[in-house]
Amino acid sequence: MVLSIAALRGETGLPETRPTDDGASAEDLSRRYAHLRRTTEALVASLSDADATLQSMEDASPAKWHLAHTTWFWETFLLRDHAPGYRLFNDAWPFLFNSYYEAEGARISRFSRGLLSRPTLDEICEWRAYVDAAMEPLLDDPAHTDLIELGIAHEQQHQELLLTDIKHALFQNPLGPAIWETGMTPGIQAADDIWHSHPGGIAMIGHDGCGFAFDNEGPQHRVLLEPFALASGLVTNGAWAEFIADGGYTNPALWLSDGWAWVTSEAITAPLYWDDQGREFTHSGWQIRDPNTPVTHISYYEADAFATWVGARLPTEFEWEAIAQSHGAADGNQFGGESGPIMPVGGSTLFGDCWQFTRSAYLPYPRFKTADGAVGEYNGKFMSGQFVLRGASCATARGHSRASYRNFFYPHQRWQFTGLRLAKDI
């Protein structure tokens with residue numbers, strides 16, 4: 001089933017997904033809805049109203065806005081149209097918390113979200129409780145199952161965004177405040193010399209049409225691959241420190257032209273959240289960097305430069321998928337609803353820890369047709385100037401990954417948990 005209804009993507013260009021248990025009972029759906037809403041609120045339990053109002057850059061949104069926007073979704077797409085007699089909690093708030101849905105009318109500009117000192121965090125939580133009570137009858141009605149499943153996926157997507165956005169916001173504070181006062185999980189050292197080899201040939205790429213998928217995952221098509229190998233482990237902090245020590249950020253020969261211009265203009269000398277004292281900023285504040293932990297918060301430019309330095313390359317998205325088709329998508333370190341720490345740990349699974357850059361431009365597959373309505377507007381129109389990432393991160397809801405799933409970012413962006421897995425020709 002390819003999705004063809006509205007409200008499909010999060011705020012970053014990341015396509016949202018949902019679990020494939022389409023036959024879930026009403027009781028199970030009600031339980032999952034309740035757990036979803038509790039989990040979102042638990043993520044902000046330690047934040048002050050001021051914390052939750054911060055917007056550190058245009059790519060990010062305040063934690064308070066994520067709480068409100070996901071509630072706006074339920075109110076707009078479920079309750080307003082399907083709950084007889086439902087009254088909006090506040091008639092003025094849709095203007096504040098609509099994201100980019102043109103059909104829903106005017107809205108505040110994206111970078112003005114951090115100016116919303118009102119409504120307060122407490123008022124937004126009251127709105128959430130009001131909506132949750134009104135949703136109860138709809139959770140038992142099979143006619144609304146597909147839209148509720150989509151709403152669950154939508155809010156899970158915003159949980160990932162909330163985690164990465166608040167991390168970036170608190171990083172701006174010289175005090176290095178922690179969201180969770182918890183210790184870090186030691187990294188798992190992966191063997192450097194283990195590679196997944198592929199003989200090349202014709203590979204079937206894209207979603208096969210069984211179960212849920214987004215339109216950008218298909219149509220399924222054939223791709224000719226040359227023989228290659230994909231590293232079993234992700235590049236680690238330790239390897240990245242060697243890259244820095246060897247002048248990786250000062251050698252223009254390693255960098256793409258646009259990447260070198262970015263490095264020099266932005267004075268980039270290390271991954272985002274690293275300092276020069278051997279530490280990195282995390283949801284648990286400043287922590288000593290573990291050399292065995294996968295490196296994260298790097299740009300496409302940095303990933304490509306490192307691959308050049310080490311004598312390898314980034315995989316294509318088709319190579320990555322060809323290997324991933326035989327690996328469990330639910331494996332690895334992914335967000336399961338727990339509160340902290342949210343950090344990569346490493347190992348040899350293809351999914352989890354960090355989104356992995358590929359060298360593939362985000363483009364439509366052969367015979368791709370832009371869907372009518374919101375899917376066409378919010379997926380197809382982004383197929384320009386971005387690169388595809390595969391896998392999932394430690395902040396991605398478990399169950400949101402599969403071999404055909406395509407994530408995409410601009411080459412300079414790195415506030416998400418982005419890393420890399422090397423490839424080589426054989």
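Since the structure is predicted, the reported quantities are computational estimates derived from the model, not experimental observations.

**Student:** I'm lost on the overall build of the chain in this one. Help?
**Tutor:** A tally of regular secondary structure across the chain gives 11 helices and 11 strands. At 21 Å, the chain has a C-alpha radius of gyration in line with the 22 Å of a compact globule built from 426 residues. Split into buried and exposed, the 426 residues of the chain put 57% on the buried side. Sequence-distant contacts in the chain: of pairs separated by 6 or more residues, those separated by 24 or more amount to 80%. A total accessible area of about 16,900 Å² is found for the chain, and carbon and sulfur atoms account for 53% of it. Within the chain, the 54 negative side-chain charges are centred at a point lying 3 Å from the centre of the 30 positive side-chain charges.

**Student:** Sorry if this is basic, but what is going on with helix α9 (residues 300–310) here?
**Tutor:** Along an α-helix, a turn takes 3.6 residues, which lines up residues three or four apart on a common side. When you tally the buried positions in α9, you get eight out of 11 residues, the bulk of the element. All buried positions along α9 are accounted for by Tyr300, Tyr301, Glu302, Ala303, Asp304, Ala305, Phe306 and Ala307. At the C-terminal side of α9, Gly311 shows a positive phi close to 85°.

**Student:** Hey, could you run me through the confidence of the model for the chain in this one?
**Tutor:** Note that predicted coordinates carrying low pLDDT should not be read in detail. Residues at a pLDDT of 70 or more form 90% of the chain, whose mean pLDDT is 89. Throughout residues 1–23 the model reports pLDDT below 50, and contacts reaching past four residues in sequence, or to other chains, amount to 102 contacts.

**Student:** What's the story with the pattern of salt bridges in this structure? I'm lost.
**Tutor:** Between side chains of opposite charge, a pair can form when the charged atoms approach closely. Going through the model one piece at a time under the given rule, you end up with 17 salt bridges. The partner of Arg128 in a salt bridge is Glu41, and the shortest N-O contact between them spans 2.7 Å. Note that Arg128 is positioned in helix α5 (residues 121–139) and Glu41 in helix α1 (residues 26–43), a separation of 87 residues in sequence. Residue Arg128 is classed as buried on the basis of its relative accessible area of 0%. Between Arg313 and Asp425 there is a salt bridge whose closest N-O contact spans 2.8 Å. With Arg313 in the loop between α9 and α10 (317–324) and Asp425 in strand β11 (residues 423–425), the pair connects residues that are 112 residues apart, well separated along the chain. Within this structure, Arg37, Glu41, Arg128, Asp132 and Glu155 form a network of salt bridges that share partners.

**Student:** Mind showing me how you'd approach the sheet that holds β11 here?
**Tutor:** In spatial order, the strands read β1-β4-β11; together these three strands make up an open sheet with antiparallel pairing. Two strands close off the open sheet at either side, each with one partner strand: β1 (195–198) and β11. The mean inter-strand angle of the sheet, taken between neighbouring strand axes irrespective of direction, is 20°. Looking at chain direction, β1 and strand β4 (residues 228–231) are connected through four bridges and run antiparallel. The partner of His198 across the bridge, within β4, is Phe228.

**Student:** What is the right way to read the packing of α1 against α5 from this model?
**Tutor:** Between α1 and α5, the least distance of the axes is 10 Å, while the angle of their chain directions is 170°. Looking at the two axes, α1 sits roughly antiparallel to α5. Contacts between α1 and α5 involve Ala26, Leu29, Ser30, Tyr33, Arg37, Thr40 and Glu41 on the former and, on the latter, Arg128, Val131, Asp132, Met135 and Leu139. Of the residues assigned to the contact of α1 with α5, the class counts are six nonpolar, two polar and four charged.

**Student:** How should the sheet that holds strand β9 (residues 407–409) be read in this particular structure?
**Tutor:** Hydrogen bonds along the backbone pair up the strands of a sheet, which may run parallel or antiparallel. Taken in spatial order, the four strands of this open sheet run β9-β8-β7-β10, and their pairing is mixed. Whereas interior strands pair on both sides, the edge strands pair on one side only; in this sheet they are β9 and β10 (418–419). When strand β7 (residues 355–361) meets β10, the two strands line up parallel, connected through two bridges. By the bridge assignment, Gln356 is partnered in β10 with Gly419.

**Student:** Before we go on, may I ask you to explain unusual backbone geometry in this structure?
**Tutor:** Negative phi characterises most residues that are not glycine, and trans characterises most peptide bonds. In the segment running from Arg118 into Pro119, the intervening peptide bond is cis, with an omega of 0°. Checked against the element boundaries, Pro119 lands in the loop between α4 (93–97) and α5. Omega for the bond connecting Gly218 with Pro219 falls within 30 degrees of zero, at 0°, which places this linkage in the cis form. Along the chain, Pro219 falls in the loop between β2 (201–205) and β3 (221–225). The backbone of Tyr273 sits at a positive phi, close to 80°, despite the residue not being glycine. Here Tyr273 shows up in the loop between α8 (257–266) and β5 (279–282). If you check the backbone angles, Arg367 has positive phi at about 70° while not being a glycine. Within the fold, Arg367 resides in the loop between β7 and α11 (374–378). Look at Arg367 and you get exposed, because its relative accessible area is 59%.

**Student:** I keep staring at the packing of aromatic side chains and nothing clicks. Help me out?
**Tutor:** How two aromatic rings sit relative to each other is set out by the distance from centre to centre and by the angle between their planes. A full pass over the atoms with the stated rule returns 33 aromatic pairs. Cluster of aromatic residues (ring-pair linked, three or more members): Tyr33, Trp72, Phe73, Trp74, Phe77, Tyr100 and Tyr101. Arg113 extends its terminal NZ or CZ atom over the ring of Trp65, reaching a point 3.8 Å from the ring centre.

What counts, and at which threshold
- Residues numbered from 1 in each chain as written.
- Predicted model: local features only at pLDDT ≥ 70, side-chain atom pairs only at ≥ 80, totals over all residues.
- Heavy atoms only, no water.
- Helix = DSSP H or I, 4+ residues; strand = E, 2+ residues; numbered from the N terminus.
- Rg over C-alpha atoms; globule rule 2.2 N^0.38 Å.
- Buried < 20%, exposed > 50% of the residue type's maximum accessible area, 1.4 Å probe, protein only.
- Contact = heavy atoms within 4.5 Å.
- Areas by Shrake-Rupley, 256 points an atom, 1.4 Å probe, with all protein chains shown as cover.
- Lys, Arg positive; Asp, Glu negative; His and termini not counted.
- Charge placed at Lys NZ, Arg CZ, Asp CG, Glu CD.
- pLDDT = per-residue confidence, 0-100.
- Salt bridge = Lys/Arg side-chain N within 4 Å of Asp/Glu carboxyl O.
- Pairing = 2+ DSSP bridges.
- Axes fitted to C-alpha atoms, helices over the stretch in contact; angles between N-to-C directions.
- Parallel < 35°, antiparallel > 145°, perpendicular 65-115°, else oblique.
- Nonpolar A, V, L, I, M, F, W, Y, C, P; charged D, E, K, R; others polar.
- Phe/Tyr/Trp six-rings, centres within 6.5 Å; stacked < 30°, edge-to-face > 60°.
- Lys NZ or Arg CZ within 6 Å of the ring centre and 35° of its normal.

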